[in-house]
Amino acid sequence: MSAEQVVGRFAPSPTGPLHFGSLIAAVGSFCLARQAGGRWLLRMEDLDAPRVVPGAADDILFTLDKLGLHWDGEIIWQSRRNDAYQAAVEMLRDKGLIFDCACSRKEILASAPHPGEEGPVYPGTCRPGLAAGRKPRALRIIVPDKQVCFTDGVFGPIQQVLSKAVGDFVLHRADGMFAYQLAVVVDDAASGVNQVVRGADLLSSTPRQIFLYACLGSPVPEYTHLPLLTDRQGKKISKRHGAIGLEPAVNPSALIVRALELLGQVVPEKINESPPIELLEWACQNIDRQRIPAGDQGLVFDDFPV
Ligand SMILES: [Zn+2]
């Protein structure tokens, strides 16, 4: 590590109340940033307006506050940052890295050579230019055939060849919204985030984001992905199936202890009923990244802690 101050962050989507999977990401990112003497920022990923639930952002902020997860500085709202995303797109356009795409999802599905982990791999149809009469729908970035490599703090060395895994990917969507991959990189770079700790559902997005950092000329953060919650059958627990809203007023300490335990930490019995602030103080000093379980099993979670 250099002498540069660590800047971590937590970036929930206000599509519902904070659920336990998000709490794990919040606790993990908070403790690892604070352990390094760093700042911990909060960003609301409310870019996808139709998915935003009114009141959910306030609900998340209330829960974080109750749990003692206090962030530094102003909250960043993605919905207010279109100018920054547009500026990044223009920069990439000036570098000749983006092109208009006229393909519908159906056309891509029909022509994709094989479905990738992230859906159909874009076959490059519009890269040489739009055929006569075709209307631009989305903007895509040209990806190289090279491998993108990084070492994750929990999952270890990861490699991906973007052209094989996803193909030229979307930066500006047909519905007029900027793509998540672009927004997250532009926001983290603008905030000076250099430590990204988040759920492993974003592990396969990371090579695309590292590539975007390079294209935009920004330094790449270090990444730690936390295993996802699963049920006993290994199925991911998400907001969609089996939403777990938090009731922080009921027993906030139990929630923090449970999150730390799922992250492989051993909370001493003598403090496990302490107020959340004290538990987090202990955790910020003692969290051990080596103990965070990796592997495909995820974190088995079938009993709610309160
Ligand atoms: Zn196309």
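Residues numbered from 1 in each chain as written. Predicted model: local features only at pLDDT ≥ 70, side-chain atom pairs only at ≥ 80, totals over all residues. Heavy atoms only, no water.

Participant: Describe the overall build of the chain, naming the residues involved and giving the relevant values.
Facilitator: Scanning the chain from terminus to terminus reveals nine helices and 14 strands. When each of the 306 residues of the chain is scored for burial, the buried share is 50%. A separation of at least 24 residues holds for 77% of the contacts in the chain among residues at least 6 apart in sequence. (Helix = DSSP H or I, 4+ residues; strand = E, 2+ residues; numbered from the N terminus. Buried < 20%, exposed > 50% of the residue type's maximum accessible area, 1.4 Å probe, protein only. Contact = heavy atoms within 4.5 Å.)

Participant: Residues and numbers for the environment of Asp152, please.
Facilitator: Tracing the sequence through the fold places Asp152 in strand E8 (residues 147-152). Since its relative accessible area comes to 4%, Asp152 is described here as buried. Measuring from C-alpha to C-alpha, the distance between Asp152 and Val196 comes to 10.0 Å, with 44 residues separating the pair along the chain. Once residues within four sequence positions are removed from consideration, Asp152 is found in contact with Ile158, Leu203, Tyr223, Thr224 and His225. A distance of 2.7 Å separates a polar atom in the side chain of Asp152 from a polar atom in the side chain of His225. (Polar contact = N/O pair within 3.5 Å; in protein donor to acceptor, adjacent residues only side chain to side chain.)

Participant: I'd like a rundown of the packing of aromatic side chains, residues and numbers included.
Facilitator: Per the stated rule, a full pass over the model turns up six aromatic pairs. Residues Phe150 and Tyr223 carry aromatic rings whose centres are separated by 5.7 Å and whose planes lie at 65° to one another, so their mutual orientation is edge-to-face. Pair noted here: Phe150 is in strand E8 and Tyr223 is in strand E12 (residues 222-226), with a separation of 73 residues, a long-range link. Here Tyr223 falls in the buried class, since its relative accessible area comes to 4%. Their ring planes at 70° and their centres at 6.4 Å tell us that Phe169 and Phe211 sit as a pair that is edge-to-face. Within this pair, whereas Phe169 is found in strand E10 (residues 169-172), its partner Phe211 is found in helix H7 (residues 206-216), the two being separated by 42 residues in sequence. The same class applies to Phe169 and to Phe211, which are both buried. An aromatic cluster is present here, built from Phe10, Phe30 and Trp40 joined pairwise through their rings. The residue whose ring lies beneath Arg140 is Tyr122, and the NZ or CZ to ring-centre distance is 3.8 Å. (Phe/Tyr/Trp six-rings, centres within 6.5 Å; stacked < 30°, edge-to-face > 60°. Lys NZ or Arg CZ within 6 Å of the ring centre and 35° of its normal.)

Participant: Any chance you could break down the coordination of the zinc ion for me, citing the residues and the numbers?
Facilitator: Bound to the zinc ion on the protein side are Cys101 (SG), Cys103 (SG), Tyr122 (OH) and Cys126 (SG), at distances that span 2.1 to 2.3 Å. Around the zinc ion, the four donor atoms sit at angles spanning 100 to 123°, and that spread fits a shape best called tetrahedral. The sequence motif formed by the donor residues of the zinc ion is C-x1-C-x18-Y-x3-C. Of the two residues, Cys101 sits in strand E4 (residues 98-101) while Cys126 sits in the loop between strand E6 (119-120) and strand E7 (138-141), which places them 25 residues apart along the sequence. This pair shows no difference in class: Cys101 is buried, exactly as Cys126 is. (Donors = N, O, S within 2.8 Å, 3.2 Å for Na, K, Ca; no water. Tetrahedral: all angles 85-135°; square planar, octahedral: opposite > 155°, others 65-115°.)

Participant: Describe the environment of Gln86, listing the residues and the values that go with them.
Facilitator: In this fold, Gln86 is placed in helix H3 (residues 82-94). Of the residues examined, Gln86 reaches a relative accessible area of 33% and is grouped as partly exposed.

Participant: Could you give an account of the sheet that holds strand E3 (residues 76-77), with specific residues and numbers?
Facilitator: With parallel pairing, the three strands of this open sheet are ordered in space as E1-E2-E3. Strand pairing shows two members of the sheet lacking a second neighbour, strand E1 (7-10) and E3, which therefore form its edges. Pairing analysis gives four bridges linking E1 to strand E2 (residues 39-44), with the strands arranged parallel. By the bridge assignment for E2, Arg9 is matched with Leu41. Packed on one face of the sheet, helix H2 (residues 56-66) meets E1, E2 and E3 and runs near 160° to E2. Against the sheet, helix H6 (residues 180-191) makes contact with E1, E2 and E3, and its axis sits at roughly 145° relative to E2, the strand it touches most. (Pairing = 2+ DSSP bridges. Axes fitted to C-alpha atoms, helices over the stretch in contact; angles between N-to-C directions.)

Participant: Hey, could you go over the pairing of E8 for me, with residue numbers and the actual values?
Facilitator: What you see with E8 is a clean split: Val148, Phe150 and Asp152 sit on the buried side and Gln147, Cys149 and Thr151 on the side with no burial. As paired elements, E8 and strand E9 (residues 156-161) share six bridges and run antiparallel to each other. The residue of E9 that forms the bridge with Cys149 is Gln159. Between E8 and E9, which pair antiparallel in sequence order, lie three residues.

Participant: Which residues make up the packing of H3 against H7, and what are the values?
Facilitator: One can describe the packing of H3 onto H7 by two numbers: an axis separation of 10 Å at closest approach and a directional angle of 70°. By the angle between their axes, H3 is roughly perpendicular relative to H7. Packed against H3, whose contacting residues are Ala88, Met91 and Leu92, the element H7 presents Leu212, Cys215 and Leu216 at the interface. A breakdown of the residues in the contact of H3 with H7 according to their chemical character gives six nonpolar, no polar and no charged. (Parallel < 35°, antiparallel > 145°, perpendicular 65-115°, else oblique. Nonpolar A, V, L, I, M, F, W, Y, C, P; charged D, E, K, R; others polar.)

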